[in-house]
Every structure is written in structure tokens, then in C-alpha cells.
Amino acid sequence: MMKELTAALIWGGGGVAAALGATIAYKLGYIDIDTVTRVIAGVNGLLIAWYGNRMPKAMVPRTRQATRVAGWSMVLGGLVYAGLWAFAPIPVAIIGGCVTIVAEIAVTLGYCLSQRAKAKAA
């Protein structure tokens, strides 16, 4: 438990540090406000990927396949989200990022519900 908490605090602190660093760089004139937005959203995407990988393992340790599907869904979704914010125009990143997050949740929920239906039928 302590190992998980330490890792979560490090990731959270890294996210805050990246946001503060980007804000300071903006105030000093090194980057523009769009870059600040992209850095913060990109870090959020990486946090989604990291937590997406950890969450199913912590929540459902005995259901290997559900854990694998949920983990891959969340990791890939987080990486796509971060990639959109790094490279796509901001309007595309906003819409694409929202669609990506909703899709990863739908994949995970859909798979879990299908497994639940299979278990009831058996």
C-alpha cells in the first residue's frame, strides 16, 4: 500500500511540477500559452495511462482477462490523449481527447458487462 501511495504522490507531484514549470516558462517568455496548455494536457494523458495500467490490477486482481483489457484500454487511451495534445491542433485535441477518454471507458465497461453476462449464462 505504501509503495502505491509513494508512486501516486511522485506522479502527482511530477504533474504539478510540469504545470508550474510550463507556467514559469510562459511568464518568462520562453513558450506561448498554447504550449502551456499542451504540456499540462499531455501530462494528464500520461497520468491517465499510468493510472489506467494500475487501476484494474488493484481493483480486480483475480480477473486476469478483464484486468488486461481494462489496462490496455486505459493505457492506449491515455497515450493517444497525450499524443493528440502534443501534436494535433488544439480544437482537434479537445474533441479527440474527449472521444478517446469516452471510448476507453466504453471498451472497459462493455467488456466487463459482456463477461458478467457470460458468467450469468454459464
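Each remark here, short or long, concerns the structure printed above.
So, how was this worked out
Residues numbered from 1 in each chain as written. Predicted model: local features only at pLDDT ≥ 70, side-chain atom pairs only at ≥ 80, totals over all residues. Heavy atoms only, no water. Helix = DSSP H or I, 4+ residues; strand = E, 2+ residues; numbered from the N terminus. Buried < 20%, exposed > 50% of the residue type's maximum accessible area, 1.4 Å probe, protein only. Contact = heavy atoms within 4.5 Å. Areas by Shrake-Rupley, 256 points an atom, 1.4 Å probe, with all protein chains shown as cover. Core = buried A, V, L, I, M, F, W, Y, C linked by side-chain atoms within 4.5 Å. Expected span 1.5 Å × (residues − 1). Patch = residues over 30% accessible without salt bridge, like charges linked within 9 Å, V, L, I, M, F, W, Y side chains within 5 Å. Salt bridge = Lys/Arg side-chain N within 4 Å of Asp/Glu carboxyl O.

Engineer: Where do I start with the overall build of the chain in this structure?
Structural biologist: Of regular secondary structure, the chain possesses four helices and zero strands. Put simply, the chain runs from its N terminus to its C terminus through helices and strands in the order α-α-α-α. When burial is assessed residue by residue, the chain has 29% of its 122 residues classed as buried. Taking as baseline every contact in the chain between residues at least 6 positions apart, the subset at least 24 positions apart corresponds to 62%. For the chain, the accessible surface area stands at approximately 8100 Å², while carbon and sulfur atoms represent 74% of it.

Engineer: Hey, could you run me through the nonpolar core in this one?
Structural biologist: Soluble globular proteins: nonpolar side chains tend toward being buried together. Ala41, Tyr81, Leu84, Trp85, Ala88, Ile90 and Ala93 form the largest nonpolar core, which has seven residues in total. Those elements that place two or more of their residues in this core are α3 (64-87) and α4 (90-121). In terms of residues, this core owes the most to one element, α3, which gives three residues. When residues no more than four places from it in sequence are discounted, the contact partners of Ala88 are Arg38, Gly83 and Ala93.

Engineer: When you look at helix α1 (residues 2-27) in this model, what are you seeing that I'm missing?
Structural biologist: Each α-helix turn comprises 3.6 residues. Residues three or four places apart therefore point the same way. With 26 residues, α1 extends 37 Å between its outermost C-alpha atoms, agreeing within 8% with the 38 Å of an ideal straight helix rising 1.5 Å per residue. Turning to α1, its buried residues number three or more, namely Gly15, Ala22 and Ala25.

Engineer: Please clarify how a nonpolar patch on the surface should be interpreted in this entry.
Structural biologist: Together, Trp11, Leu46, Tyr51, Trp72, Leu76 and Leu79 line one region of the surface with nonpolar side chains, adding up to about 610 Å² of accessible area. Residue assignment for the nonpolar patch shows that the elements contributing at least two residues are α2 (33-59) and α3. Broken down by element, the nonpolar patch gets its largest block of residues, three residues, from α3. Inspection of the secondary structure assignment puts Trp72 in helix α3.

Read these as spatial facts, not as claims about activity.
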